[in-house]
Amino acid sequence: MSVATSPWDDLLQGEEIAYTNTEPAREARLAPLPDELHPRVGDALAAQGITELYTHQRAAWDAAARGEHIVVTTGTASGKTLAFNLPVLDAIAREPKQRALYLYPTKALAQDQLRSLSTFRLPKLRAAIYDGDTETERRWQIRKWANLVLTNPDMLHVGVLPHHDRWGDVLSNLRYVIVDEAHVYRGVFGSHVANVLRRLRRLAKIYGAEPQFLLASATIANPGELVERLLGVPATVIGDDGAPRAERTVVLWNPPLTDEALGLRASPLGEGSRVLGELVSRDLRTLLFAKSRKAAELIHRFTADRLGDASRLSPYRAGYTPAQRREIEQRLSGGELLGVSATNALELGIDVGLLDAVVSVGFPGTVSSLRQQWGRAGRRGHGLAALVASEDALDQYFMREPQALLGRRVEAAILDHENHRVLDGHVRSAAFEAPLDDQDREILGDTALERAAKLPELKHTDAGYVWAGRDYPAARVPLRSTGMDAFTVVDRSTGSVLGLVEHERAYSTVHEGAIYLHLGGQFRVVALDLEARAALVEPFSGDYYTQAKKETMTAIDQSQRAERRLGLELSFGTVVVSEQVVAYQKKSIHDQAALDIVQLDLPQTEFETEAIWFVPEPWMTEDLDSQRRLLGSLHAAEHSLIALLPLWAMCDRWDIGGLSTNVHFQTGAPTIFVYDGHAGGVGITERGFEAFEGWVEDTARMLQGCPCLLGCPSCVQSPKCGNLNEPLDKAGALALLERMSKSR
């Protein structure tokens, strides 16, 4: 089928279309079922109409049969689940006493997998979910009889490993550990999970087992490296996708300009609802991804208003019950629903069957994530995959440079399990679970033993380092934060805990008066209790957001690497970032106009992290002669570099901070810093150091291509600037970055 005869042909004619292309279909590559597969498992597959495997599924089986750890990293809907299920189901069919542990990043995904496993109807398979929702009276039963336990890293961390004596039978018979959606385990969360998995390996070994790890991941640049960082062991990468793919039209849709001088564009939510409404009116089954719960709900409402009928539309987001989710999925896959607007968080594992179109409103943060969303389009025939751009610098860069998105290699997932802020809590936890000694170096690593000697709560005995405290330390280590002194965000109207904010970020994100976003909902901070480490919030329906004004200083602690790159000396090392939030600004949601500035009196905070920094050569800034022009140029360059770093490191711009100054007290010269926003660092800026040339060239190209004159939200303005985007000099930043690029 050609684009000209597609049902969306007339929709792709307007000025909003920045790019369109058709990707060809791909035939399936098949392999026979293994002869040694247990007959009962073979019969269960036949009952589902499966008589052959895709080539990557067979490759996964063969590698697992050789005893190797594996990671399957193929496209969306390519059958990764069957690839890791087959070895597990075969092992349990042969010996029901063997155990398997399945780890999912969310409870909902574990529910989906349990339903999937039940369709095999294997008599000796006893699968059960063990998570925070599991009733107390059922927990001991699951430990006793389940041979396939589905859980999440958080529950493994606080509910299983510290109480391993109750799990002795499971650990001693543990044959397989499945880690699905492995690409999620990056940054701070991934660094914690890497330590949890090492603690699991250690305890299994103590109980006499050495389980095989079977992982599945979206396509990322470094799957083998990610597994080695997560587990501490090498893995075989299965990445040659043998699954079929339908022909697909790819569209980049840019909302029209509403104010050329200011670079303002029409609302991406309005444009997303327009696209969704047009596709639904053509009877096309469509899934739309939005970046927040509120956005998903608004797009649903806007689309219903356009069509005058919501009967074939539904939002789909976190906060719904499993029963509500199941109903929406069944109505969509059955054809009763045509248009569903979902949050990005639910791109993982949504089982919605065959779709005609997928629309992503706003770049989801990584090329890998976008491809995972788009992979659902066209499962039964020619599909449509569209990205509706926001005004964010990265989105607009892709609209002008489509190949920077479509031709780009997917990002690398990075983590640092040896970051002391992360590692120390797990060293304490491991010592609580069993005495730590030199034999643990093989699994936990040398750094863990070095830290054990320095932690005052650990006591050195003949058996090794043991926990000398009264509580159990795992309870004090949240997996989604680097600090143990994080602030709790509490909805005072319900008493429920909405989330945790790291101490070093609390004053800028949950100060009194701040508008706090949680799963797309808006809350206003009514009180920040510094002693109790708690922020009390209440639901907020106003039409403004807040931006903190900060005074920041970055001090170089230690330079670990320095190289001559792009005509200047580029350094990577540790820095100490000191911040003081002095005020916040209220800004209109509709037009970003400044409404008010409110002064604050908060303590200064500081944290150590990793950074890159560089001093431009004098000739690179020679015509930026006034102090304000120089500072504006450095500031704009810093902002634009931060906006583009997520292209090279699998992170969000909110994970990165920066500082620019016309005279730094240590370098004595104009200096730009870009640092990891998490204490201790998680490898983001180290990735920037390695990719510096491409990163700078991309950033210069982004500035060059932005049509605004003085700088706008699509290039140099940052939504989190501590100086409220003053001063900024787009032309000066472009001149600096172009001069650096030409020094290659």
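Residues numbered from 1 in each chain as written. Predicted model: local features only at pLDDT ≥ 70, side-chain atom pairs only at ≥ 80, totals over all residues. Heavy atoms only, no water.

**As for the sheet that holds strand β9 (residues 212-216)**
At step 1: Sheet architecture is open: seven strands sit in the order β6-β7-β5-β8-β9-β4-β10, paired in parallel fashion. Edge positions in the sheet fall to β6 (127-129) and β10 (236-238), since each has one partner strand and no second. Averaged over all neighbouring strand pairs, the angle between strand axes comes to 15°, with direction disregarded.
At step 2: Relative to strand β8 (residues 174-179), strand β5 (residues 99-103) runs parallel, the two being bridged by five bridges. Counted as the bridge partner of Leu 103 is Val 179 from β8.
At step 3: Lying on the sheet, helix α3 (residues 80-94) is in contact with β4 (70-72), β5, β7 (148-151), β8 and β9; it crosses β8 at an angle near 170°. (Pairing = 2+ DSSP bridges. Helix = DSSP H or I, 4+ residues; strand = E, 2+ residues; numbered from the N terminus. Axes fitted to C-alpha atoms, helices over the stretch in contact; angles between N-to-C directions. Contact = heavy atoms within 4.5 Å.)

**With respect to the packing of aromatic side chains**
At step 1: The tally for this structure, following the rule as stated, stands at 13 aromatic pairs.
At step 2: Lying across the ring of Tyr 130, Arg 139 places its NZ or CZ 5.5 Å from the centre.
At step 3: Positioned over the ring face of Phe 689 is Arg 565, at 5.1 Å from the centre of the ring. (Phe/Tyr/Trp six-rings, centres within 6.5 Å; stacked < 30°, edge-to-face > 60°. Lys NZ or Arg CZ within 6 Å of the ring centre and 35° of its normal.)

**Remarks on the pairing of strand β26 (residues 544-565)**
At step 1: Sheet analysis places β26 next to strand β27 (residues 568-588), joined by 20 bridges and oriented antiparallel. Residue pairing for β27: Arg 564 is matched across the bridge by Glu 569.
At step 2: Once β26 ends, the chain turns through two residues before running back antiparallel as β27, passing Leu 566 with a positive phi of about 50°.

**Section: unusual backbone geometry**
At step 1: Despite not being glycine, Glu 181 shows a phi value in the positive range, around 55°.
At step 2: In this fold, Glu 181 is placed in the loop between β8 and α8 (187-206).
At step 3: The buried category is assigned to Glu 181, whose relative accessible area is 9%. (Buried < 20%, exposed > 50% of the residue type's maximum accessible area, 1.4 Å probe, protein only.)

**A look at the side chain of Arg 143**
At step 1: Summarising the element assignment, Arg 143 is placed in helix α5 (residues 136-145).
At step 2: No salt bridge is formed by the buried Arg 143. Its closest oppositely charged neighbour is Asp 165, at 8.3 Å. (Lys, Arg positive; Asp, Glu negative; His and termini not counted. Salt bridge = Lys/Arg side-chain N within 4 Å of Asp/Glu carboxyl O.)

**Quick word on the pattern of salt bridges**
At step 1: Going through the model one piece at a time under the given rule, you end up with 33 salt bridges.
At step 2: Here Asp 241 makes a salt bridge to Arg 26, at a shortest N to O gap of 3.5 Å. Of this pair, Asp 241 sits in the loop between β10 and β11 (248-253) while Arg 26 is found in the loop between β1 (17-23) and β2 (30-32), placing the two residues 215 residues apart along the sequence.
At step 3: On the basis of relative accessible area, Arg 26 is assigned to the partly exposed category, the value being 31%.
At step 4: Where Glu 433 meets Arg 199, a salt bridge forms, and the shortest distance between an N and an O atom there is 2.6 Å. Of this pair, Glu 433 sits in helix α16 (residues 420-433) while Arg 199 sits in helix α8, and the two are 234 residues apart along the sequence. Taken individually, Glu 433 and Arg 199 each receive the classification buried, so the pair is uniform in this respect.

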